[in-house]
Amino acid sequence: METAKRYPEIELANVGMRYSSDASEVNALQEISLDIAKGEFVSLLGPSGCGKTTLLRLMADLIQPTSGSIKVSGKSAKEARLARKYGIVFQNPVLYDWRRVEENIALPLEMMGVKKSERKRKVAELLELVRLQGFGDKYPWQLSGGMQQRVAIARALSMEPEILLMDEPFSALDEFTRERLNEELLSIWGQVNNTVVFVTHSISESIFLSDRVYVLSPHPGRLSSVVDIPLPRPRNRETRNSPEFFNLIARIRGSFEGV
Amino acid sequence: MKGLRFLRYGRLLPAMAWGLGLLILWEAASWYLLQVRQVPLAQSKLPYIHEVLSAFAEYGDTLVQEGAVTFGNAGLGFLLGAAAGALLAILMSLSKWIEHLAFPYAVASQMIPILGLAPILYGIVHDERVARVLIAGYITFFPVSINMLRGLRGVEPSALELLYSYAAKPWNIYFKLRLPASLPGLFSGLKIAAPLAVTGAILVELMGARHGIGVIMLRNLYYGPSHTYMFWSTVIVGALLGVASYALIGGLERLIAPWQPEFRDKGGDRL
Ligand SMILES: Nc1ncnc2c1ncn2[C@@H]1O[C@H](COP(=O)(O)OP(=O)(O)O)[C@@H](O)[C@H]1O
Ligand SMILES: [Mg+2]
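Computed from a prediction, not measured in an experiment: that's the story for all the values here. (Residues numbered from 1 in each chain as written. Chains lettered and ligands numbered in written order. Predicted model: local features only at pLDDT ≥ 70, side-chain atom pairs only at ≥ 80, totals over all residues. Heavy atoms only, no water.)

### Observations concerning the packing of helix α4 (residues 116–129) of chain A against helix α5 (residues 145–158) of chain A
All names here are of chain A.
Alright, step 1. With their axes 10 Å apart at the nearest point, α4 and α5 run at an angle of 135° to one another. On the basis of their axis angle, the class for α4 and α5 is oblique. Considering how the two elements wind past one another, α4 and α5 form a crossing that is right-handed. Taking contact as the criterion, the partners of Lys122, Leu126 and Leu129 in α4 are, on α5, Ala154, Leu157 and Ser158.
Alright, step 2. Across the contact of α4 with α5, the residue classes tally to four nonpolar, one polar and one charged. (Axes fitted to C-alpha atoms, helices over the stretch in contact; angles between N-to-C directions. Helix = DSSP H or I, 4+ residues; strand = E, 2+ residues; numbered from the N terminus. Parallel < 35°, antiparallel > 145°, perpendicular 65-115°, else oblique. Left-handed = near helix turned anticlockwise from the far one by under 90°. Contact = heavy atoms within 4.5 Å. Nonpolar A, V, L, I, M, F, W, Y, C, P; charged D, E, K, R; others polar.)

### Quick notes on the packing of aromatic side chains
Two aromatic rings are characterised by how far apart their centres lie and by the angle between their planes.
Alright, step 1. Tallied over the entire structure, the rule returns seven aromatic pairs over all chains.
Alright, step 2. Between A:Tyr96 and A:Trp98, the ring centres sit 5.1 Å apart and the planes meet at 35°, which makes this aromatic pair tilted.
Alright, step 3. In this arrangement the basic side chain of A:Arg81 is found over the ring face of B:Tyr164, its NZ or CZ atom lying 3.7 Å from the centre.
Alright, step 4. Its guanidinium or amino end placed over the ring of A:Phe208, A:Arg240 lies 3.9 Å from that ring's centre, counting from NZ or CZ. (Phe/Tyr/Trp six-rings, centres within 6.5 Å; stacked < 30°, edge-to-face > 60°. Lys NZ or Arg CZ within 6 Å of the ring centre and 35° of its normal.)

### A closer look at the sheet that holds strand β7 (residues 163–167) of chain A
Residues and elements named next belong to chain A.
Alright, step 1. Within the open sheet, the six strands sit side by side as β6-β7-β8-β3-β9-β10. Their pairing is mixed. Taken across any chain shown, the strands that pair with only one partner, and hence form the sheet edges, are β6 (86–89) and β10 (222–228). When strand polarity is set aside, the average angle formed by the axes of neighbouring strands in this sheet is 15°.
Alright, step 2. In this sheet, strand β8 (residues 195–200) lies alongside strand β3 (residues 41–45) in parallel orientation, the contact comprising five bridges. Counted as the bridge partner of Val42 is Val197 from β8.
Alright, step 3. With respect to the sheet, helix α6 (residues 175–192) is in contact with β3, β7 and β8, its orientation differing from that of β3 by roughly 140°. (Pairing = 2+ DSSP bridges.)

### Regarding the nonpolar core
Alright, step 1. Counting 68 residues, the largest nonpolar core has A:Leu12, A:Met59, A:Leu165 and A:Val197 as the members making the most contacts within it.
Alright, step 2. With nine residues, helix α9 (residues 170–206) of chain B is the largest single contributor of residues to this core.
Alright, step 3. Apart from residues no more than four positions distant in its own chain, A:Leu12 is found in contact with A:Ile32, A:Ser33, A:Leu34, A:Asp35, A:Leu55, A:Met59, A:Ser69 and A:Ile70.
Alright, step 4. With 45 residues, the next largest nonpolar core counts A:Leu132, A:Ala154, A:Ile207 and A:Phe208 among its residues. (Core = buried A, V, L, I, M, F, W, Y, C linked by side-chain atoms within 4.5 Å. Buried < 20%, exposed > 50% of the residue type's maximum accessible area, 1.4 Å probe, protein only.)

### What to know about the domain arrangement of chain B
All names here are of chain B.
Alright, step 1. Examined at the domain level, chain B breaks down into domain 1 (1–46) and domain 2 (50–263).
Alright, step 2. For domain 1 and domain 2, the distance between their C-alpha centroids amounts to 28 Å.
Alright, step 3. Taken together, the contact pairs seven residues of domain 1 with six residues of domain 2.
Alright, step 4. Buried surface at the junction of domain 1 and domain 2, both sides included, amounts to about 560 Å², of which 50% is carbon and sulfur.
Alright, step 5. By the criterion of area lost to domain 2, the three top residues of domain 1 are Glu27, Gln43 and Ser44, representing 59% of everything that side buries. (Domains from an automatic or database assignment. Buried area = accessible area lost by both parts, 1.4 Å probe.)

### A word on the environment of B:Phe56
Residues and elements named next belong to chain B.
Alright, step 1. Assignment of secondary structure puts Phe56 in helix α3 (residues 49–58).
Alright, step 2. Each C-alpha atom, one on Phe56 and one on Gly137, is 30 Å from the other, the two residues being 81 residues apart in sequence.
Alright, step 3. If near-sequence neighbours (up to four positions away) are discounted, Phe56 is found in contact with Leu63, Ser233, Ile236 and Val237.

### Digging into the UniProt feature "domain: ABC transporter" (unreviewed entry) in chain A
Alright, step 1. According to UniProt, the positions carrying the feature "domain: ABC transporter" (unreviewed entry) are residues 10–243 of chain A.
Alright, step 2. Helix makes up 36% of residues 10–243 of chain A and strand 28%, whereas the separation of the span's terminal C-alpha atoms amounts to 32 Å. (UniProt positions renumbered as here; feature names shortened; annotations may be inferred.)

### Comments concerning the interface of chain A and chain B
Alright, step 1. Tallying the contact residues gives 22 residues for chain A and 19 residues for chain B.
Alright, step 2. Contact between chain A and chain B buries roughly 2,100 Å² in total, counting both sides, with carbon and sulfur atoms accounting for 65%.
Alright, step 3. The largest per-residue losses of area from chain A upon contact with chain B belong to A:Trp98, A:Met111 and A:Trp141, which jointly make up 32% of the total buried on that side.
Alright, step 4. In this structure, the connection of chain A to chain B is made through three salt bridges.
Alright, step 5. Viewed at the interface, chain B and chain A are joined by seven residue pairs in polar contact (both at pLDDT 80 or more).
Alright, step 6. Of all the secondary-structure elements, those providing two or more residues to the side of chain A that touches chain B are α2 (77–82), β6 and α3 (101–111) of chain A.
Alright, step 7. When grouped by side-chain class, the residues that make up the side of chain A that touches chain B number 14 nonpolar, no polar and eight charged. (Salt bridge = Lys/Arg side-chain N within 4 Å of Asp/Glu carboxyl O. Polar contact = N/O pair within 3.5 Å; in protein donor to acceptor, adjacent residues only side chain to side chain.)

What follows is the structure, encoded as C-alpha cells:
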C-alpha cells in the first residue's frame, strides 16, 4: 500500500448526515468512510443532490455530522478550522463588493493579523500565481466570471491552507474557460502542494485533476466507488486526448449505470 | 472626467429642459389666471415667477439667513437622530432580545402624528431650538434604524461562512462584513429622512419661533396678498433646503460607498 505510508490528513469514519426540520427529514449522507493523504488531490463526483456539498461542508466544519467522526491531522474538524487549515472556494466567488481585488485577496490575512507590508507582498505574489497581475485595483464586478473565481482561489490560498476545499468552482463557466482553469489549477497546486478536495459533477474534470475520484450516488448519498487515476503528471492537453483518459471516463460512467 | 460628462449629458441637460419648460408654463398659466380669467387673488394662487424671483433678489439676505437657521437646526437633529437610529440598529442586530424589546416601541413612535407631537414637545421643552432639533431627530431616527438593520441582517450566508472558515473574531465579522454591507441600507434611510427632517423643523417653526424660514413663511402668509411673492419665496427656499439635504447625503454616499451597483459605470456615455 503506497498511500498507507503517507500521513492521513483527512479521515472520515462512518459519517452520516441527516437534515431535519419540523416538516421533513433528508438523509443526505450515509456511512461515508474515506482517508485522504497529505498532498493528495481528490475529487468528489456525483449527480446534483447526491450530497457532495454536504460532505465538503462537513469536512470544513461548517456543519456537524449526525453520526460518525471526522478527523483532520488527528484532530477534530473544528480544531482544524480554528487553526486556519482550510481554504474554501465556493461555487460562487463570494467576493465582497466594497473591496478591490487585492483587498479581497488580503481578507484572510487581515483576519490573521498579518502586517500591511507583508500583505502587500503576498497579494502581489498571489496575483501573479493566478495570472491576474494588473487587476489588483479593480472591483470584482469589473472582472469576468472566470477571473472572479481566480480571485476567490487566490484569496483561499493567501492563508497558505494545508487543505483546499473547492465546491464546483468552475461549474458556472463555459467549457473552454473551465479547461484552461483546470490546467492553471494543477500548475498552482504543483507550486503550493497542499491537499485538495474538489467537488464536481463533471466526470472528465474529476479525472483530469485528481489522484483519486470518490463517486457518490444519491438517495441517500453513499460512496458507490473509488477510482484511482494513475495518469502521469504534469497533465495537459495531451492528457485529455490519451486513450487512458477515455478509458477512465468509460469506467466511471459505467459505475453510474449500475446505480 | 467620465463622471462629469455623465452628469452633463445624462442628467443636467434633460433636467434643464424640464426646468425651463416648467417655468414657461408657469408664467403662461399665471398670466392666464390674472389677465384672461381675471380670477380674484390670482397672484396668491399662482404668482408670476419673475415677481417671486425679484422678491428673492430683494430679500435674499433674509431668506438665506433664516433658511440657514432652519437648515442648521434640522441638520443637528438629523445627525443626532441618525446616530441614535444607527446605534439602535446595531444593538438590535447584535441581540434578538433587544430587538423584541425596542422594535414595537420604535414602530409605535411612528404612529404619533408630528403635527400633534410638535406642540406637545414645545410645551415641555419651551425652547424653539431644542424642539426643532428633537423633532428633526425623531423623524430621522426610524427610517435610518429600519433600513440599516435590514442591511446588517441581510448579509449573504456564504459571505458569513467565508469569515467563519477563517475563524474570524466577532468584531471582524462586524467591521469587515456587516457594517460595510449595511451602508446601502443606511444611506437609503438617510436619504428618506433628510428632507423630512427639514420639513419637521419648518413645522415646529410654524408653531412659534423667532427665527427660521418657517417663521417668515407664516408672517408673510398673515400679511396677505401684498406679501404673496415673499411667501412663495419662502416656500421655494423650504423646498430647496429639502433638495439640498437630499443631494448632500447622495454626494456623501458616492464618496463613502461608491461600489454600489447604481454607481457603476455602464461603459459608454448615455446621450
Ligand atoms: N440545509 C439543508 N437543509 C435540508 N436539506 C438539505 C440542506 N442542504 C442540502 N440538503 C439536501 O441534502 C441533499 C444533498 O444536497 P447537497 O449536499 O447540496 O448535494 P450536491 O452538492 O451533491 O448537489 C439534497 O437532497 C438536498 O436537498
Ligand atoms: Mg452542491
